[in-house]
Amino acid sequence: MRVLGIETSCDETGVAIYGDDGLLAHTLYSQVALHAEYGGVVPELASRDHVRKLAPLVRQALAEADLAPADLDGVAYTAGPGLAGALLVGAGFGRSLAWSLGVPALGVHHMEGHLLAPMLEADPPAFPFVALLVSGGHTQLVEVTGVGRYRLLGGSVDDAAGEAFDKTAKLLQLGYPGGPALAALAEQGDPTRFSFPRPMTDRPGLDFSFSGLKTFALTTLQTGVKGCDEAGLRRLKADIARAFEDAVVETLAIKCRRAVEHTGVSTLVLAGGVSANKRLRARIDDLMAERGGSACYPRPVFCTDNGAMIAYAGWQRLAAGQYESLAFDIKPRWDMQTLAAI
Ligand code: KG4
Ligand code: ZN
């Protein structure tokens with residue numbers, strides 16, 4: 001079975017084709033340049049750009065896989081969570097294409113896509129495992145016993161980890177998208193100059209709170225900036241970036257250790273945009289190695305939003321006989337625990 005996957009939930013247009021022997025093609029167009037001048041994603045511009053890019057990307061993916069549209073056996077598109085207008089573009093396109101080809105289609109949960117992305121790698125994780133999903137909109141610890149068998153262990157009570165990276169990067173004037181820029185600046189920072197709190201680690205539980213770290217970064221900047229020359233300001237920002245990154249990474253690692261101890265699993269999966277962070281990967285690798293277990297994460301391009309993860313999740317479900325009626329729906333908010341198991 002060959003499944004076309006379409007991702008349009010936010011600011012990347014991703015298209016891929018997954019077949020029984022693996023990934024056949026993937027194409028991606030990032031809207032970063034379009035939104036950069038506004039300092040964040042402008043939903044209406046995102047929707048319009050998905051409209052412009054989707055058809056050419058589908059054609060490109062088919063050409064890459066050396067397939068014709070009629071060779072497709074199903075279509076999967078992100079149905080939520082995400083920006084309503086952006087989701088409607090992918091859902092409308094995917095549904096219509098499936099109808100015209102006479103093949104089944106189905107809406108995929110974006111976070112399930114992220115969660116299953118490590119399955120695209122050469123050494124995929126085996127069930128059961130705990131997944132740490134860290135993206136721009138979500139921070140979740142999930143116990144995973146199979147495809148569609150998800151138990152939420154904890155989540156963020158305010159900002160998601162990626163959102164905290166982006167907001168802190170903004171106050172350090174690093175532009176958009178902030179996460180990768182902040183991580184790059186942190187490389188030059190002194191890890192001993194500032195110590196940021198590890199929120200919610202002094203009490204039991206697996207929930208997160210990252211909004212206070214951004215405020216901590218702001219007051220550290222406001223205090224440190226007084227009497228600073230240009231070189232001093234550069235150092236100050238780098239040191240804040242490093243202290244912030246260390247605090248997020250350590251907080252995530254503490255909760256991951258707890259989740260792994262609590263569930264007794266030996267594999268931890270890291271997915272979502274923030275899982276591209278090198279320091280986070282290294283810390284989680286160490287944590288799991290200490291416990292005699294292992295950590296799995298997708299290649300960097302499949303950590304952030306992409307079509308391959310949607311094609312894979314859709315292929316799993318369509319191959320199991322699941323599909324949806326033509327009356328399509330999108331779900332800007334959607335609890336992953338309500339998904340059907342396969
Ligand atoms: O999964 P994703 O592409 O989109 C959502 O589903 O939200 O995640 C995007 C998030 C952004 O907040 C971005 O700043 C963050 O992932 N991110 C990073 C890194 N690369 C992307 N955060 C920290 N370090 C990185 N290297
Ligand atoms: Zn995402």
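Residues numbered from 1 in each chain as written. Chains lettered and ligands numbered in written order. Predicted model: local features only at pLDDT ≥ 70, side-chain atom pairs only at ≥ 80, totals over all residues. Heavy atoms only, no water.

Asks: Would you mind going over the environment of Met-309 in detail, with residue names and values included?
Replies: Relative to the helices and strands, Met-309 is located in helix α11 (residues 307-319). Taking C-alpha positions, Met-309 is 9.9 Å from Thr-78, a pair spaced 231 residues apart along the chain. Not counting residues within four places of it along the chain, the set of residues in contact with Met-309 comprises Glu-7, His-110, Gly-113, His-114, Ala-117 and Leu-120. (Helix = DSSP H or I, 4+ residues; strand = E, 2+ residues; numbered from the N terminus. Contact = heavy atoms within 4.5 Å.)

Asks: Report on the sheet that holds strand β9 (residues 267-271), specifying residues and quantitative values.
Replies: Taken in spatial order, the five strands make up an open sheet running β8-β7-β6-β9-β10, and their pairing is mixed. If you trace the sheet from one side to the other, it starts and ends with β8 (149-155) and β10 (294-296), each paired once. Pairwise comparison of adjacent strand axes, ignoring direction, gives a mean angle of 25° for this sheet. Sheet topology places strand β6 (residues 129-134) next to β9; four bridges connect them, and they run parallel. What sits directly across from Ala-131, in β9, is Val-269. (Pairing = 2+ DSSP bridges. Axes fitted to C-alpha atoms, helices over the stretch in contact; angles between N-to-C directions.)

Asks: Got a sec to walk through the domain arrangement of the protein? Specific residues and values, please.
Replies: Each assigned domain of the protein is listed here: domain 1 (2-116 + 302-338) and domain 2 (128-297). Distance from the C-alpha centre of domain 1 to the C-alpha centre of domain 2: 28 Å. Contacts between the two partners involve 19 residues from domain 1 and, on the opposite side, 23 residues from domain 2. Between domain 1 and domain 2 lies a buried interface of about 1,700 Å² when both sides are counted; carbon and sulfur atoms form 70% of it. When the area that domain 1 buries against domain 2 is broken down by residue, the three leading residues are Met-111, Leu-115 and Cys-303, summing to 36%. Joining domain 1 to domain 2, the criterion identifies zero salt bridges. Where domain 1 meets domain 2, there are five residue pairs in polar contact (both at pLDDT 80 or more). Sorting the residues of the side of domain 1 that touches domain 2 by element identifies α1 (32-36), α4 (110-116) and α11 as the ones contributing at least two each. The element contributing the most residues to the side of domain 1 that touches domain 2 is α4, with five residues. (Domains from an automatic or database assignment. Buried area = accessible area lost by both parts, 1.4 Å probe. Salt bridge = Lys/Arg side-chain N within 4 Å of Asp/Glu carboxyl O. Polar contact = N/O pair within 3.5 Å; in protein donor to acceptor, adjacent residues only side chain to side chain.)

Asks: Which residues make up the side chain of Asn-306, and what values do they have?
Replies: Inspection of the secondary structure assignment puts Asn-306 in the loop between α10 (300-303) and α11. When its relative accessible area of 1% is taken as the criterion, Asn-306 is described as buried. Polar side-chain contacts of Asn-306 include one of 2.8 Å to the backbone oxygen of Thr-304. The residues touching Asn-306, leaving out its near neighbours within four places in the chain, are Glu-7, Gly-14, Leu-28 and Val-301. (Buried < 20%, exposed > 50% of the residue type's maximum accessible area, 1.4 Å probe, protein only.)

Asks: Tell me what's going on with helix α6 (residues 178-186), and back it up with residues and numbers.
Replies: Of the residues making up α6, those classed as buried are Gly-178, Gly-179, Leu-182, Ala-183, Leu-185 and Ala-186. The arc that holds every buried residue of α6, seen down its axis, measures 165°, which confines them to one face. Close packing links the buried residues of α6 with α5 (161-171), α8 (230-263) and α9 (278-290). (Arc of directions from axis to C-beta.)

Asks: Any details on the coordination of the zinc ion (ligand 2)? Residues and values, ideally.
Replies: Those protein atoms acting as donors to the zinc ion (ligand 2) are His-110 (NE2), His-114 (NE2) and Asp-305 (OD), and they sit at 2.0 to 2.1 Å. One chain supplies every donor to the zinc ion (ligand 2), and in sequence these donors are spaced H-x3-H-x190-D. Within this pair, His-110 and its partner His-114 are both found in helix α4, separated by four residues, close to a single helical turn. Across the pair, His-114 and His-110 agree in class, each one buried. (Donors = N, O, S within 2.8 Å, 3.2 Å for Na, K, Ca; no water.)

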